[in-house]
Amino acid sequence: MRSLSFVILAAVILSACSSGRNAMNSSESKGWQKLFDGKTTSGWHTYGKSAAGTDWKVADGAIFLDAKNRTPGQGGDLVTNEEFTNYHLKLDWKISKNGNSGIIFNVNEDPAKYKATYNTGPEMQVLDNDGHADGKIIKHRAGDLYDLIKSRKENVRPVGEWNTSEIILNNGQLEFIQNGESIVKTTMWDDNWSQLVAGSKFKAWPGFGTYKTGKIALQDHGDEVWYRNIVIKRL
């Protein structure tokens, strides 16, 4: 009887633990929206166009820029169909040798007024720090708020390995997290932000970094790059 009671008790404990894990997983996933289904480019399009260019392909659960097999007119930055204001974006990326790309946010898609995503959207740099020329430029390395703020710590993984990046923007408070560590923090749209922009290559672009609502973009910089597990939570 003691043996049977022990088995029953163990089953009850195991069931409780399983329920707890399921509740935790449910809580963790609550509020998160998939921006990439792992199979198609649904929900995305090339900037200024109605659909995603065919240079962006999907394989093995990742969306990637097939820069080695170009089709004329089928490249360009990929942008979300939806716009976001306050949010927590999370994704994985890996870059090719000597490669360059970026995660551009708060993009105002008005191609008649702005020719590219980076005319309006700030960028979290995606880069092969050792192989690309931008790796020699301060504020142009992986994880930097491109040309505005150098990341406080460099923890990017080697070429070909996956990195996890997060962009959190909430009422002007901006934070970059890379591989689990906070690397950039600043406030957008205040006097300090204006000074940062004025001291950057974007100083002559009146729309840059001014929009409080916009789209997320994956940059086509001409090099192979992969993105996966792209999710966002509205705050």
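What you are looking at is a predicted structure, and each value in this text was computed from that prediction instead of being measured.

Rules used in this analysis
- Residues numbered from 1 in each chain as written.
- Predicted model: local features only at pLDDT ≥ 70, side-chain atom pairs only at ≥ 80, totals over all residues.
- Heavy atoms only, no water.
- Salt bridge = Lys/Arg side-chain N within 4 Å of Asp/Glu carboxyl O.
- Helix = DSSP H or I, 4+ residues; strand = E, 2+ residues; numbered from the N terminus.
- Buried < 20%, exposed > 50% of the residue type's maximum accessible area, 1.4 Å probe, protein only.
- Pairing = 2+ DSSP bridges.
- Axes fitted to C-alpha atoms, helices over the stretch in contact; angles between N-to-C directions.

Side note on the pattern of salt bridges
Side-chain pairs of opposite charge can arise where the charged atoms are in close proximity.
Then, number 1: Following the criterion strictly, the structure yields nine salt bridges and no others.
Then, number 2: A salt bridge links arginine 234 to glutamate 82; the nearest nitrogen and oxygen atoms lie 2.6 Å apart. A residue pair is termed long-range when its members are at least 10 positions apart, and arginine 234 in strand S13 (residues 225-234) and glutamate 82 in the loop between strand S5 (78-80) and strand S6 (87-95) qualify at 152 residues.
Then, number 3: The shortest N-O distance in the salt bridge between arginine 141 and glutamate 154 comes to 2.6 Å. Separated by 13 residues along the polypeptide, arginine 141 in the loop between strand S8 (123-127) and strand S9 (163-170) and glutamate 154 in the loop between S8 and S9 bring together distant segments of the chain.
Then, number 4: Taking relative accessible area as the criterion, glutamate 154 reaches 38% and is therefore assigned partly exposed.

Considering the sheet that holds S8
Then, number 1: Here five strands make up an open sheet; going across it, the order is S2-S5-S12-S7-S8 and the pairing antiparallel. Taken across any chain shown, the strands that pair with only one partner, and hence form the sheet edges, are strand S2 (44-46) and S8. Across the sheet, the mean angle separating the axes of adjacent strands is 20° when strand polarity is ignored.
Then, number 2: Looking at chain direction, strand S7 (residues 100-107) and strand S12 (residues 215-218) are connected through three bridges and run antiparallel. When the sheet's bridge partners are listed, isoleucine 104 is paired in S12 with alanine 217.

Observations regarding the pairing of strand S3 (residues 56-59)
Then, number 1: Pairing of S3 with strand S4 (residues 62-65) involves four bridges; the strand directions are antiparallel. Its bridge partner lying in S4, valine 58 is registered against isoleucine 63.
Then, number 2: Two successive antiparallel strands, S3 and S4, enclose a turn made up of two residues, where aspartate 60 displays a positive phi of approximately 55°.

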